[in-house]
Amino acid sequence: MNKLYWMHFVHNEWQFYIVATEIGLCYVGSPGKSYEEMEVWVKKRFPKHELVENHEALTPYTNEIKEYLDGLRHEFTIQMDVKGTAFQLAIWDALRNIPYGEKKSYSEIAELINNPTAIRAVGTAIGANPVLITIPCHRVIGKNGALSGYRGGLEMKETLLKLETGEE
């Protein structure tokens, strides 16, 4: 049976679950959510895998996430093992290309993938992003500049955007 390595990540005020395969990071949970939320996600997407708590296996990922949360890292170099449709993968790749500290609207993301009418589908794909923070879906905002839906909650989205822009 294949293994998935998990841990409860705690750094300053941040607490969430993270999971990695042998290939790379596959899940970053929402702050304050339960182990059960992670377990349900894993069973749905990796049904033939066993969850094994292993902090050491996750060290490369936790190091980069800590550096980011401390304002010392602006992009991630860690391997990721994200599974999705071709459309979702295209959206997630577009998100990785939004520079640190910048924001894009859902319609701008749709244009980036040459599908300008797919704004709702873009929002759905962004909402399915399994690795919060590391694929920066928090950098996507409404066309009017308003913060909108975020799996980690609007407070987390606002905190991450303030971290990147240096706002208090």
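Given the structure is predicted, the values throughout are model-derived calculations rather than measurements.

A.B. asks: So what exactly am I meant to see when it comes to the overall build of the chain here?
C.D. replies: A count of helical and extended segments in the chain gives 6 helices and 6 strands. Each helix and strand of the chain, placed in order from N terminus to C terminus, yields the pattern β-β-β-α-β-α-α-β-α-α-β-α. Scaling as 2.2 N^0.38, a compact globule of 168 residues should have a C-alpha radius of gyration of about 15 Å, and the chain matches this with 16 Å. Its C-alpha atoms put the chain at 45 × 35 × 25 Å along the principal axes. Within the chain, the fraction of its 168 residues that count as buried is 45%. Pairs at least 24 residues apart make up 58% of the contacts formed inside the chain by residues separated by at least 6 positions.

A.B. asks: I tried to follow the sheet that holds strand S4 (residues 49-53) on my own but got confused; where do I start?
C.D. replies: Sheet strands line up and pair through hydrogen bonds in the backbone, either parallel or antiparallel. Taken in spatial order, the 4 strands of this open sheet run S3-S2-S1-S4, and their pairing is mixed. In this open sheet, the two strands that pair with only one neighbour each are strand S3 (25-28) and S4. Across this sheet, the average inter-strand angle for adjacent strands is 25 degrees, counted without regard to direction. Where strand S2 (residues 14-20) and S3 come together, 3 bridges link them in antiparallel fashion. What sits directly across from Val19, in S3, is Tyr27. Of the strands in this sheet, strand S1 (2-11), S2 and S3 are in contact with helix H2 (residues 59-69), which crosses S1 at around 30 degrees.

Conventions we followed
- Throughout this document, residue positions are counted from 1 along each chain, in the order its sequence is written.
- Owing to the predicted nature of the model, reporting of local features is limited to residues with pLDDT of at least 70; listing and counting of side-chain atom pairs is limited to 80 or more, with chain, interface and lining totals taken over all residues.
- Heavy atoms throughout the structure, all of them, feed into the side-chain values; hydrogens and water do not.
- Helix and strand labels come from DSSP, where a helix needs a run of H or I of at least four residues and a strand needs a run of E of at least two; each type is numbered from the N terminus.
- C-alpha atoms define the radius of gyration, and 2.2 Å times the number of residues to the power 0.38 defines the globule rule.
- Throughout, exposure labels follow a simple rule: accessible area from a 1.4 Å probe, protein chains only, divided by the maximum for the residue type, with under 20% read as buried, over 50% as exposed, and the rest as partly exposed.
- The contact criterion used is simple: two residues touch if any of their non-hydrogen atoms lie within 4.5 Å.
- At least two bridges found by DSSP between two strands are what make those strands a pair.
- Note on geometry: axes are lines fitted to C-alpha atoms, helical ones only across the stretch in contact, with angles between N-to-C directions running from 0 to 180 degrees.

In short, geometric facts, not functional conclusions.
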